[in-house]
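Chain residues, written in single-letter form:
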Amino acid sequence: MTRSRREEIAANLHAVRGRIGEAAAEAGRDAADVTLIVVTKTSPASDVRLLHELGVRDVGENRHPDAERKRAELGDCDLTWHFVGQVQSNKAAAVAAYADVVHSVDSERLAVRLGAGAQRAQRELPVLVQVDLDTTGGGQGRGGAAPPAVEALTRAVATTDGLRLRGLMTVAPLGQPAGDAFLRLAIMWRQIRMTYPTADMLSAGMSGDFEEAIGAGATHVRVGSAVLGSRPVLR
Ligand SMILES: *Cc1c(COP(=O)(O)O)cnc(C)c1O
């Protein structure tokens, strides 16, 4: 007998929660201080509904308008929708109207557009500044501001009407030790929090490296395939 999708997701979720608990214990942290965001980007709304039934309250999406559509379809579920992908400038105002948190602010230009969209929607949008920790200098197209630009960008976000600075986010650079990147991010985060106490989120770690991120102090891990299974290659 084949397992139902619900059983499959439940088992994966259980395993991931167990790993989060172990990583937190190993780091001397309380697992309750680590929020699991399940990244549902290529999954149908029916999977998101199952996740909700299984107790998940935070989900991540990376594309407009998929995110907007799923959110509308699941309007009856109390879910926090995290936008974790790069935001195209011409989509910024739309994203600012429905996202609960945007993790991927990497330019002042984008901050201004998100802030304007949030104001138009009469809300304050929580955002994180995404940091690109690639040391090869090539940039890997995964978004993020270079470390020397982060301080000015956090200041810009903190002073943009419509936005609320909530912290920093990164995607570990490919082919480099993720743990080093996460530790560098955590150091930047500690400095930023001294100036901006609202910046209480450190968003780091995906299916392949969330334990290292927890070790470095991540408050939010973004896990997709370890919960939902592998995605088609195209995204
Ligand atoms: C897809 C994605 C994730 C989740 O990746 P997995 O490897 O499937 O866990 C996390 N963060 C971002 C920004 C993503 O685009």
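My aim in this report is to walk through the structure given alongside it, one point at a time. All figures in this text were calculated on a predicted structure; none of them were measured in a lab.

## Considering helix α2 (residues 45-53)
Piece 1. Buried residues of α2: A45, D47, V48, L50, L51 and H52, and no others.
Piece 2. As for α2, its buried residues are in contact with α1 (5-26), β1 (35-39), β2 (58-61), α3 (66-73), β3 (80-83) and α9 (225-228).

## Considerations on the nonpolar core
Piece 1. In terms of nonpolar packing, the biggest core is built from 68 residues, with V102, L114, L125, V157, L168, V221 and V227 touching the most fellow members.
Piece 2. Broken down by element, this core gets its largest block of residues, eight residues, from helix α7 (residues 178-195).
Piece 3. For V102, the contacting residues outside a window of four places in its chain are F83, V87, V95, L114, L125, P126, V127 and L128.
Piece 4. Core analysis: the second largest hydrophobic core is formed by five residues, V101, M169, V171 and M201 among them.

## Considerations on the site of the ligand
Piece 1. The environment of the ligand is made up of V39, K41, V84, V171, M206, S207, R222, V223, G224, S225 and R231.
Piece 2. With respect to the ligand, the side chain of R222 contributes an N or O atom lying 2.9 Å from a nitrogen atom.
Piece 3. Between the ligand and the protein, one listed contact pairs an oxygen atom with a backbone N or O atom of S225 at 2.8 Å.
Piece 4. By residue class, the composition of the shell around the ligand is five nonpolar, three polar and three charged.

## Let's talk about unusual backbone geometry
Piece 1. With omega at 15 degrees, the peptide bond leading from H64 into P65 counts as cis.
Piece 2. Summarising the element assignment, P65 is placed in the loop between β2 and α3.
Piece 3. The phi torsion at Q122 lies on the positive side, around 55 degrees, for a residue other than glycine.
Piece 4. On the secondary structure map, Q122 appears in the loop between α5 (108-120) and β5 (125-131).

## Structural notes on the pattern of salt bridges
Piece 1. Summed over all chains, the structure comprises 13 salt bridges.
Piece 2. Salt-bridge contacts for E53 lead to R6; the nearest nitrogen and oxygen are separated by 2.5 Å. Of this pair, E53 sits in helix α2 while R6 sits in helix α1, placing them 47 residues apart in sequence.
Piece 3. Overall, E53 belongs to the partly exposed group, its relative accessible area being 48%.
Piece 4. Residue R6 is classed as partly exposed on the basis of its relative accessible area, which comes to 38%.
Piece 5. For the salt bridge of R166 with D200, the shortest nitrogen-to-oxygen distance reads 2.8 Å. Taken together, the positions of R166 in strand β6 (residues 163-170) and D200 in the loop between α7 and β7 (201-203) put the pair 34 residues apart, joining distant regions of the chain.
Piece 6. Relative accessible area serves as the criterion here: at 23%, R166 is assigned to the partly exposed category.
Piece 7. Residues joined by salt bridges that share partners form a network here, namely R5, E8 and D47.

How each quantity is defined
Residues numbered from 1 in each chain as written. Predicted model: local features only at pLDDT ≥ 70, side-chain atom pairs only at ≥ 80, totals over all residues. Heavy atoms only, no water. Buried < 20%, exposed > 50% of the residue type's maximum accessible area, 1.4 Å probe, protein only. Helix = DSSP H or I, 4+ residues; strand = E, 2+ residues; numbered from the N terminus. Contact = heavy atoms within 4.5 Å. Core = buried A, V, L, I, M, F, W, Y, C linked by side-chain atoms within 4.5 Å. Near = heavy atom within 4 Å. Polar contact = N/O pair within 3.5 Å; in protein donor to acceptor, adjacent residues only side chain to side chain. Nonpolar A, V, L, I, M, F, W, Y, C, P; charged D, E, K, R; others polar. Salt bridge = Lys/Arg side-chain N within 4 Å of Asp/Glu carboxyl O.

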